[in-house]
Amino acid sequence: MFDLDADDLVAIALTVDVTAAAGAVQVAAVTEAGRQADALLGKPPLPGSVEWHAEEGTDIPLRRERAWQLLQLRIGLGAGMDPLPVLIGLRRHGATWEEIAHAAGVTRQSAHERWAGRVAAVLDREVAGAGA
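Predicted model only: the values in this text are computed from it and were never measured. (Residues numbered from 1 in each chain as written. Predicted model: local features only at pLDDT ≥ 70, side-chain atom pairs only at ≥ 80, totals over all residues. Heavy atoms only, no water.)

J.: Sorry if this is basic, but what is going on with the overall build of the protein here?
T.: What the protein contains, in helices and strands, is seven helices and zero strands. Going residue by residue from the N terminus, the α and β elements of the protein occur as α-α-α-α-α-α-α. Computed over the C-alpha atoms, the radius of gyration of the protein is 20 Å, more than 25% above the 14 Å expected from 2.2 N^0.38 for a compact globule of 132 residues. Reported as C-alpha extents along the three principal axes, the dimensions of the protein are approximately 65 × 40 × 40 Å. Put simply, the protein has 132 residues, and 22% of those count as buried. Considering only residue pairs separated by 6 or more positions, the protein has 56% of its internal contacts joining residues 24 or more positions apart. Carbon and sulfur atoms provide 60% of the accessible area of the protein, an area that totals close to 9300 Å². (Helix = DSSP H or I, 4+ residues; strand = E, 2+ residues; numbered from the N terminus. Rg over C-alpha atoms; globule rule 2.2 N^0.38 Å. Buried < 20%, exposed > 50% of the residue type's maximum accessible area, 1.4 Å probe, protein only. Contact = heavy atoms within 4.5 Å. Areas by Shrake-Rupley, 256 points an atom, 1.4 Å probe, with all protein chains shown as cover.)

Right, dumping it as structure tokens:
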């Protein structure tokens, strides 16, 4: 076994690289937020099912996705998570700043001032990268 004393343990705790562990916690948190959104909103119909075929050609799947992402935003904000990845997805799927603000419990202006610059920076980099 290891022959460490209490000072060694504290030294390890204060110096060990936690990058991978922090990433694993973030992935687990995002996964759990999605699971909770499914539980609250309900899962979409299975591909090939009668319900799935009934929604083909309608805007229901896109609206469901937007609702799911808005719910994930609310859950993530409630859990203290960085909302940027969800906000990027919401804007890609056509969510307005008004919808985002309502989900976040703030004014449209406040949501825009708080997050629009960060979201635009990511989306602009993606557009620039796609055009290269």
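What follows picks up the thread again.
J.: Which parts of the structure should I look at to understand a negative patch on the surface?
T.: Together, Asp3, Asp5, Asp7 and Asp8 line one region of the surface with negative charge. Within the element layout of this structure, Asp7 appears in helix α1 (residues 6-15). Look at Asp7 and you get exposed, because its relative accessible area is 60%. (Patch = residues over 30% accessible without salt bridge, like charges linked within 9 Å, V, L, I, M, F, W, Y side chains within 5 Å. Salt bridge = Lys/Arg side-chain N within 4 Å of Asp/Glu carboxyl O. Lys, Arg positive; Asp, Glu negative; His and termini not counted. Charge placed at Lys NZ, Arg CZ, Asp CG, Glu CD.)

J.: Looking at this model, I keep getting lost on the nonpolar core. Mind explaining?
T.: Looking at soluble globular proteins, one finds that nonpolar side chains tend to be buried together. Core analysis: the largest hydrophobic core is formed by 17 residues, its most contacted members being Leu73, Leu87, Leu90, Trp97, Ile100, Trp115 and Val119. Excluding its chain neighbours within four sequence positions, the residues that come into contact with Trp115 are Leu77, Pro83, Leu87, Trp97, Ile100 and Ala104. (Core = buried A, V, L, I, M, F, W, Y, C linked by side-chain atoms within 4.5 Å.)

J.: Is there a simple way to think about the side chain of Gln69 in this case?
T.: With respect to the secondary-structure elements, Gln69 resides in helix α4 (residues 60-78). In contact with Gln69, other than residues within four places in its own chain, are Val86, Gly89, Leu90 and His93.

J.: How should I be thinking about helix α7 (residues 108-131) in this particular structure?
T.: The largest bend along α7 reaches roughly 50° and is located at Trp115. Those residues of α7 that fall on the buried side of the exposure criterion are Ala111, Trp115, Ala116, Val119 and Val122. Those residues of α7 that are buried are in contact with α4, α5 (84-92) and α6 (97-104). (Bend = angle between axes of the 7 residues up to and from the residue.)

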